[in-house]
Amino acid sequence: KRFDALSDWRSSALFSAQSDALDASRRPTLRLNPSNSSVAEYVTYPEDESLRLEPGFALGGPIAQNRVWFFGAYQPALTTNTRTVNAATSANPLGSENSNKQKVQVQYATGNITSQMSDSVRARLAFNNSWARTKGLLPTLSATDPAGSDYGTTSTFPNYSVSGNVDWTVSPRLFFGLRGGYYLSDQYDTNVTEVPRYNWTTTNNVGFLDVPLSLQRGTGFSNVLSNTKVVQDKQTRLYFQADSTLYGNFGGAHQLKFGVQADRLGNAVDSGEARPRVTLRWNSRLAASTASCGGVATPAGNCRGTYGYYSVRSQEVDPSRGFITFGDVNMNVFGFFVQDAWTINNKLTINAGVRTEREQVPYYAPGEN
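Everything numeric here is computed off the predicted structure, so don't read it as measured data.

Q: Describe the overall build of the protein chain, and please don't skip the residues or the numbers.
A: Along its length, the protein chain carries one helix and 18 strands. Within the protein chain, the fraction of its 369 residues that count as buried is 34%. The contacts of the protein chain with a sequence gap of at least 6 include a subset with a gap of at least 24, amounting to 68%. Surface exposure of the protein chain reaches about 22,400 Å², of which carbon and sulfur atoms provide 56%.

Q: An account of a nonpolar patch on the surface is needed here, citing residue identities and associated values.
A: Nonpolar side chains collect at one region of the surface, where W342, I344, L348 and I350 lie side by side and expose about 300 Å² of accessible area between them. Of all the elements in the fold, those that place two or more residues in the nonpolar patch are β17 (324-345) and β18 (348-360). Position of L348 relative to the elements: it lies in strand β18. Judged by its relative accessible area of 39%, L348 falls in the partly exposed class.

Q: Please provide a residue-by-residue account of the packing of aromatic side chains, values included.
A: Given two aromatic rings, one states the distance between the centres and the angle between the planes to describe the pair. Counted according to the given criterion, the structure contains 10 aromatic pairs. With a centroid separation of 6.3 Å and 50° between ring planes, the pair formed by Y160 and Y182 is classed as tilted. Taken together, the positions of Y160 in strand β9 (residues 159-171) and Y182 in strand β10 (residues 174-185) put the pair 22 residues apart, joining distant regions of the chain. Relative accessible area serves as the criterion here: at 27%, Y182 is assigned to the partly exposed category.

Q: Got a sec to walk through the sheet that holds strand β12 (residues 197-200)? Specific residues and values, please.
A: Across the sheet, three strands lie side by side as β12-β15-β16; this open sheet has mixed pairing. Edge positions in the open sheet fall to β12 and β16 (308-313), since each of these has one partner strand only. Between one strand axis and the next, the sheet turns through 20° on average, direction left out of account. Two strands pair when backbone bridges link them, and β12 and strand β15 (residues 277-282) are joined in this way by four bridges, in the parallel orientation. Across the sheet, the residue bridging to W200 is L280, located in β15.

Q: I'd like a rundown of the pattern of salt bridges, residues and numbers included.
A: A complete count under the given rule lists 12 salt bridges for this structure. R52 is the salt-bridge partner of E54, the closest N and O atoms lying 2.6 Å from each other. Ionic contacts of the salt-bridge type, sharing partners, join the residues R26, D48 and R83 into one network.

Q: Describe the confidence of the model for the protein chain, and please don't skip the residues or the numbers.
A: Mean pLDDT over the protein chain stands at 87; residues scoring 70 or higher make up 90%. Looking across the protein chain, the model is least confident in helix α1 (residues 5-8), with a mean pLDDT of 73, and most confident in strand β7 (residues 121-135), with 97.

Q: Quick one: what's the story with the pairing of β18, residue by residue and with numbers?
A: Walk down a regular strand and you will see the side chains alternate between the two sheet faces. Relative to β18, β17 runs antiparallel, the two sharing 13 bridges. Paired with V333 across the two strands is E359, which belongs to β18. Once β17 ends, the chain turns through two residues before running back antiparallel as β18.

Q: So, the pairing of β7: which residues are in play, and what are the values?
A: Pairing between strand β6 (residues 98-116) and β7: 14 bridges, direction antiparallel. Its bridge partner being in β7, K103 is matched across the sheet by K135. Here nine bridges tie β7 to β9, and the two strands are oriented antiparallel to one another. Counted as the bridge partner of F127 is V162 from β9. Summarising the sheet, β7 and strand β8 (residues 154-157) pair through four bridges and their orientation is antiparallel. Bridging across to β8, R133 finds its partner in T156.

Q: Account for unusual backbone geometry, with residues named and values stated.
A: Positive phi outside glycine occurs at N191, with the angle close to 60°. Mapping N191 onto the fold places it in the loop between β11 (188-190) and β12. Given the relative accessible area of 53%, N191 is considered exposed. Its identity is not glycine, yet N283 carries a phi of approximately 55°, on the positive side. Mapping N283 onto the fold places it in the loop between β15 and β16. On the accessibility criterion, N283 (53% relative accessible area) is exposed.

Q: Provide a residue-level description of the environment of L59, including the pertinent values.
A: Looking at the element boundaries, L59 is found in strand β4 (residues 49-64). Distance from L59 to S11, taken between C-alpha atoms, is 4.3 Å for residues 48 residues apart in sequence.

Q: Outline the environment of G259, listing residues and values.
A: One can find G259 in strand β14 (residues 253-273). The exposure class assigned to G259 is buried, which follows from its relative accessible area of 6%. Separated by 81 residues in sequence, G259 and L178 have C-alpha atoms that sit 9.7 Å apart. Setting aside its immediate chain neighbours within four residues, G259 contacts A242, D243, G335, F336 and F337.

Reading guide: rules and limits
Residues numbered from 1 in each chain as written. Predicted model: local features only at pLDDT ≥ 70, side-chain atom pairs only at ≥ 80, totals over all residues. Heavy atoms only, no water. Helix = DSSP H or I, 4+ residues; strand = E, 2+ residues; numbered from the N terminus. Buried < 20%, exposed > 50% of the residue type's maximum accessible area, 1.4 Å probe, protein only. Contact = heavy atoms within 4.5 Å. Areas by Shrake-Rupley, 256 points an atom, 1.4 Å probe, with all protein chains shown as cover. Patch = residues over 30% accessible without salt bridge, like charges linked within 9 Å, V, L, I, M, F, W, Y side chains within 5 Å. Salt bridge = Lys/Arg side-chain N within 4 Å of Asp/Glu carboxyl O. Phe/Tyr/Trp six-rings, centres within 6.5 Å; stacked < 30°, edge-to-face > 60°. Pairing = 2+ DSSP bridges. Axes fitted to C-alpha atoms, helices over the stretch in contact; angles between N-to-C directions. pLDDT = per-residue confidence, 0-100.

Shown next, in the form of structure tokens:
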């Protein structure tokens, strides 16, 4: 029989689309009134414009007759979200007008090659990828962002795995298997607004007579949408496993399996607020002792300045930044197992085994790196 690789290949294609035209309206949201933080209200925010496209295809078939086969597929997911928040309204007199388009893409790809290297040896190599990127932030629905805010932050998410295995059938009674692989997942941000972030949490400064109108902001205001930056958040796994299966008959049928495995797991993190976070609590008092009120003798619960009080969030590792998570750790796991499925007769099978692992877990000690 003639072998023609191209004629034996098979393929498929697909396409899907989704838009906001098919979505229902937003549900009412309960919030504090921006100009009066003692009043709660329900508001229904406008719907975002969105479009998601997913084209894709797959192709596979033999490369060498009865020896080598391949398969590959690719399907990106491309999403565009556009949000426009309205300028000041009667419900939100301090609101600003902002608009931005956010683009999200995920690149799904997979491929593998399988080879029947001989009558007794079969091998496979596979690759999977789901790289993603989110370009741009969306304005706050409550329209509390300053006019002209920078929404240019881009987050990138590398993500892939490579794996392989070899199976060797030595005889009808003995089988060996080897498998291993590597996995990586990461994130890093660019174009982050690296300035201190000032927050009005549950209060506002609306109506303060000696505060210029241009500096009065409603409840929930922040001078920047976010100053959080992920330099890296890398998770890795390198693994290897070897096992064997032995079939035999002694006092019944036995299926004896044994093997070893080794894993190395890693996590390198550097993420958090690029600059400190300052929380302003207008017209509020801090229940604090004299020592925590600037050393000024103050009645308990009366620690405040002319306009209230504020707090700054930072840390000792890098005081120029706000709250951060930082570290680079690795751990090793080694294991061994043996198990047996012992079929004594057609009514009784005993499954017994033992497994042991040795795990080296990183430890933390104050003052040590």
